[in-house]
Amino acid sequence: MGNRVAREDYEWVYTDQPHADRRKEILAKYPEIKSLMGPDPRLKWIVCMMVVIQFLAFYLVKDLDWKWVLFWTYAFGSCINHSMTLAIHEISHNTAFGNNKAMWNRYFAMFANLPIGLPYSASFKRYHLDHHRYLGGDGVDVDIPTDFEGWFFCTPFRKFIWIILQPLFYAIRPLCINPKPITQLEVTNVAVQLTFNVLLYWLWGGKPVVYMMAGSLLGMGLHPISGHFIAEHYMFLKGHETYSYYGSLNLLTFNVGYHNEHHDFPSIPGCRLPMVKKIAAEYYDDLPQYSSWVKVLYDFIMEETLSPYSRVKRKLKGDVKQE
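My aim in this report is to walk through the structure given alongside it, one point at a time. (Residues numbered from 1 in each chain as written. Predicted model: local features only at pLDDT ≥ 70, side-chain atom pairs only at ≥ 80, totals over all residues. Heavy atoms only, no water.)

1. Quick look at the packing of aromatic side chains
Part 1: Enumeration over the complete set of coordinates arrives at 27 aromatic pairs.
Part 2: Ring centres 5.0 Å apart and planes at 80° place the aromatic pair Phe-71 and Trp-72 in the edge-to-face group.
Part 3: Residue Phe-71 is classed as partly exposed on the basis of its relative accessible area of 42%.
Part 4: Arranged with centres 5.6 Å apart and planes meeting at 75°, the rings of Phe-236 and Tyr-290 form a pair that is edge-to-face. Of the two residues, Phe-236 is situated in the loop between helix H11 (227–233) and strand S2 (244–245) and Tyr-290 in strand S3 (residues 289–290); the sequence distance between them amounts to 54 residues.
Part 5: Residue classification places Tyr-290 among the buried positions, given a relative accessible area of 14%.
Part 6: The rings of Phe-148, Trp-151, Phe-152, Phe-153 and Phe-169 are connected pair by pair, giving a single aromatic cluster.
Part 7: Positioned above the aromatic ring of Trp-104, the side-chain terminus of Lys-101 is 4.3 Å from the ring centre.
Part 8: Across from the ring centre of Phe-152, 4.4 Å away, lies the NZ or CZ of Arg-158, which sits over that ring. (Phe/Tyr/Trp six-rings, centres within 6.5 Å; stacked < 30°, edge-to-face > 60°. Buried < 20%, exposed > 50% of the residue type's maximum accessible area, 1.4 Å probe, protein only. Helix = DSSP H or I, 4+ residues; strand = E, 2+ residues; numbered from the N terminus. Lys NZ or Arg CZ within 6 Å of the ring centre and 35° of its normal.)

This is how it looks when you write it as structure tokens:
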């Protein structure tokens, strides 16, 4: 359990990311895929339902014993809150109200953020679009772990701890790799969220607040759904930097497992990504893919050749236009 992993650096490449070229090729062959782009009319109603469910859960846990608060936090709250973070991911691509109503999407993301407890939706959009545009870009893509993470979390036990602490590293990493000036939307996001958190505590006490905050941290740490953090871009096979997952947890995660398809067509909402795979099957069927996020987590921890350094990284050329 204490052996160090073999990697001592990222997988540096000198080619562009594969998604832009594949998108052009697929659209030339299957132009009908353009009809899949645009907002998902169901998304806003699904998100509203999830928010109402968590509000109801806040009310129900306020009178429970602490052991049951903690049980339902992991068994239920963590699943809903992680699912909500992926709803915010969808909204960041303007799939709730469309590109013509961009600000509606931004404020709706703040509404979806409420039961998560941690104000992050406005910042997430800024960094996530950079992740798409400059996948693996040195100093820009904050989805890639820092040198410290790659150097320190280098044994199975340390990788296990790193997975538990993933929410912490996702929060701190942008400040280390690519800090940006704070925007008015981010200030609004924080103000709205803190006001909601205080009101929740004032109305129903500390248990719903613990359920909310702990559910978010646990759901994004050592949790079956959090396997998607590792599965999406960690290089399990040399030369492949994006992987798809086609298992049942896509039902809870807005099809984020269709990750090659998503990076090829980020303007297509998750509900339509299976149609992309069906139409252009020859482009996806032979790519490496997963059937279990739990196995991804286990293999990442136990396989000595895998670590936070197992990411494709590239130096960016020309002008870099960030969000």
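2. Some details on the packing of helix H3 (residues 66–92) against helix H10 (residues 206–219)
Part 1: Contact geometry for H3 and H10: axes closest at 7 Å, N-to-C directions at 50°. The pairing of H3 with H10 is recorded here as oblique in orientation. Relative to H10, H3 is oriented so that their crossing is right-handed. In this structure, H3 uses Trp-66, Val-69, Trp-72, Thr-73, Tyr-74, Phe-76, Gly-77, Ser-78, Asn-81 and His-82 to contact H10, whose residues at the interface are Gly-206, Lys-207, Val-210, Tyr-211, Met-212, Ala-214, Gly-215, Ser-216, Leu-218 and Gly-219.
Part 2: Here the residues of the contact of H3 with H10 sort into 10 nonpolar, nine polar and one charged. (Axes fitted to C-alpha atoms, helices over the stretch in contact; angles between N-to-C directions. Parallel < 35°, antiparallel > 145°, perpendicular 65-115°, else oblique. Left-handed = near helix turned anticlockwise from the far one by under 90°. Contact = heavy atoms within 4.5 Å. Nonpolar A, V, L, I, M, F, W, Y, C, P; charged D, E, K, R; others polar.)

3. Thoughts on the environment of His-128
Part 1: Note that His-128 resides in helix H5 (residues 121–133).
Part 2: Here His-128 falls in the buried class, since its relative accessible area comes to 9%.
Part 3: Side-chain polar atoms of His-128 contact the side chain of His-89, separated by 3.1 Å. (Polar contact = N/O pair within 3.5 Å; in protein donor to acceptor, adjacent residues only side chain to side chain.)

4. Some words on a nonpolar patch on the surface
Part 1: Taken together, the side chains of Phe-157, Phe-160, Ile-164, Leu-165, Leu-168, Ile-172 and Leu-222 define a hydrophobic patch exposed on the protein surface, amounting to about 560 Å² of accessible area.
Part 2: Mapped by element, the contributors of at least two residues to the nonpolar patch are helix H7 (156–164) and helix H8 (166–177).
Part 3: Mapping Leu-168 onto the fold places it in helix H8. (Patch = residues over 30% accessible without salt bridge, like charges linked within 9 Å, V, L, I, M, F, W, Y side chains within 5 Å. Areas by Shrake-Rupley, 256 points an atom, 1.4 Å probe, with all protein chains shown as cover. Salt bridge = Lys/Arg side-chain N within 4 Å of Asp/Glu carboxyl O.)

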